[in-house]
Amino acid sequence: MKPAKSVETQTATLAEIARAAGVSAPTVSKVLNGRADVAAATRTRVEELLRTHGYRRRRAEASRSPLIDLVFHELESAWAMEVIRGVENVARDAGLSVVLSESAGRLTPGRTWADQVAARRPHGVVLVLSGLDESQRALLTSRSIPFVVMDPAGDPGPDVPSIGATNWQGGLAATRHLVDLGHTRIGAISGPSRMMCSRARVDGYRAALETAGLPADPSLVLTGDFHHDAGYRLGLELLRRPDRPTAVFAGNDLQALGLYEAARELGLRIPEDLSLVGFDDLPVSRWVGPPLTTVRQPLTEMAEAAARLVLELGREREERSATRVELATRLVVRSSTAAPAAG
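Residues numbered from 1 in each chain as written. Predicted model: local features only at pLDDT ≥ 70, side-chain atom pairs only at ≥ 80, totals over all residues. Heavy atoms only, no water.

Turning to the overall build of the chain, a few remarks are in order. Counting its regular elements, the chain contains 11 helices and 12 strands. Counting across all 343 residues of the chain, residues that qualify as buried make up 52%. For the chain, the proportion of contacts with a sequence separation of at least 24, taken over those separated by at least 6, is 74%. Of the accessible surface of the chain, which amounts to about 15,200 Å², a share of 52% is contributed by carbon and sulfur atoms. (Helix = DSSP H or I, 4+ residues; strand = E, 2+ residues; numbered from the N terminus. Buried < 20%, exposed > 50% of the residue type's maximum accessible area, 1.4 Å probe, protein only. Contact = heavy atoms within 4.5 Å. Areas by Shrake-Rupley, 256 points an atom, 1.4 Å probe, with all protein chains shown as cover.)

Okay, here's the thing in structure tokens:
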């Protein structure tokens, strides 16, 4: 007779987890299914054992709800609408619905969210500018709920599937366009420094200046938050300088729109007195006056790719190495940029 398999192996069964926790198998099943009728201490003990022993529910066992969970760190802009449209396109074709949630500006959703996802048992989770901590990843993995990070705020790690864009190349193209027009004093308003996409865009900006032999003045690079108000406030700060820049790379379209407002308030004309480049190519960038030169980030296509990937991961029987995909950005030249005024 073969000895019982040790619970310390990475292939522990539900029954072995139950024995190690001193509870019944149905109780472990309740924890796996996100049921509320389990004592907090018991839930914590079972979750720790599931994580420690690498328990993973077989996909055949994991009955799924017809849902995709879409998680934003903030849900309040036209940027988010482009992402929602992309995920909805894929979900609709697959006969699924989309559940939206927001982590209130945090880059990692709260623990309550993870429990709710476990209870919903969606086909997969797409996280936008967000990530998961180790316990949340273990919770989803043990339930065989695949997840993909879109436009990760930080380094998602080598084992996390992610979809991004060529942010560095976009920042380079935006700044090089301004240099080619003849601008030598170019400011930048970045997004939050904690976000990888923001840092990459500013790095591209600096690389374009360096390759053109232009000095990168640190005082001309201000840190925003990707919102309109930051573009307005920091735009006023840049444009009130006696040695103000003749051009600005705004980091994203919403901040560029704030800069439009700051320029109007100071009596500066775009592009005669100030050239301006944004990033994202939101629909509104074509409607403002003058239409905004910007870097097109294929948000809808990125969201579609993330949704397709999470569904593919859910269909596969075997684990595969994490996928990192970057979609190309491209400069869209409109009417907000021109050569600097003479003198």
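The next point concerns the sheet that holds strand β4 (residues 147-150). With respect to topology, 6 strands assemble into an open sheet ordered β2-β1-β3-β4-β5-β11, the strand pairing being parallel. In this open sheet, the two strands that pair with only one neighbour each are β2 (97-102) and β11 (324-327). Taking the axes of each pair of neighbouring strands and ignoring which way they run, one obtains an average angle of 20° across the sheet. Sheet topology note: the strand β1 (residues 67-72)/β2 ladder contains 6 bridges and is parallel. Considered in β2, the bridge of Asp 69 is made with Val 99. Across the sheet, helix α4 (residues 78-93) is in contact with β1, β2, β3 (124-128) and β4; its angle to β1 comes to roughly 165°. (Pairing = 2+ DSSP bridges. Axes fitted to C-alpha atoms, helices over the stretch in contact; angles between N-to-C directions.)

Take Ser 275: it is sitting in strand β9 (residues 275-280). Not counting the four nearest positions on each side in its chain, Ser 275 is found in contact with Leu 178, His 183, Thr 246, Ala 247, Val 248, Ser 336, Thr 337 and Ala 338.

It is worth spelling out the nonpolar core at this point. Counting residues in hydrophobic clusters, the biggest one holds 57 residues, and the most contacted among them are Leu 70, Met 150 and Leu 276. Broken down by secondary-structure element, the contributors of at least two residues to this core are β1, α4, β3, β4, β5 (162-165), α9 (228-239), α10 (253-265) and α11 (299-315). Element by element, the count of residues in this core is highest for α11, at 10 residues. What Leu 276 contacts, discounting residues up to four positions off in sequence, is Val 248, Ala 250, Ala 256, Leu 259, Tyr 260, Ile 270, Leu 292, Thr 293, Ser 336 and Thr 337. Of all hydrophobic cores here, the second largest spans 15 residues; its members include Ala 174, Ile 186, Tyr 205 and Phe 249. (Core = buried A, V, L, I, M, F, W, Y, C linked by side-chain atoms within 4.5 Å.)

The subject of this paragraph is the packing of aromatic side chains. Between two aromatic rings, the relevant description is the distance of the centres plus the angle of the planes. Applying the stated rule across the entire model yields 1 aromatic pair. Arranged with centres 6.5 Å apart and planes meeting at 50°, the rings of Phe 249 and Phe 279 form a pair that is tilted. On the criterion of sequence distance, the pair formed by Phe 249 in strand β8 (residues 247-249) and Phe 279 in strand β9 is long-range, its members being 30 residues apart. Overall, the relative accessible area of 2% leaves Phe 249 in the buried class. (Phe/Tyr/Trp six-rings, centres within 6.5 Å; stacked < 30°, edge-to-face > 60°.)

Turning to the confidence of the model for the chain, a few remarks are in order. A low pLDDT means the predicted coordinates there should not be read in detail. For the chain, per-residue confidence averages 86 on the pLDDT scale, and residues scoring 70 or more make up 87% of the total. Across residues 1-10 the pLDDT falls below 50, and counting only partners more than four positions away or on other chains, this stretch makes 13 contacts in the model. (pLDDT = per-residue confidence, 0-100.)

Moving on: the pattern of salt bridges. The tally for this structure, following the rule as stated, stands at 13 salt bridges. With a shortest N-O distance of 2.7 Å, Arg 85 and Glu 82 are connected by a salt bridge. Of the two residues, Arg 85 and Glu 82 are both situated in helix α4; the distance of 3 residues between them amounts to about one turn of the helix. With relative accessibility at 15%, the residue Glu 82 sits in the buried group. Between Arg 241 and Asp 243 there is a salt bridge, and its shortest N-O distance comes to 3.2 Å. Among the residues examined, Asp 243 registers a relative accessible area of 35% and is labelled partly exposed. Where salt bridges share partners, they join Arg 185, Asp 217, Arg 241 and Asp 243 into one cluster. (Salt bridge = Lys/Arg side-chain N within 4 Å of Asp/Glu carboxyl O.)

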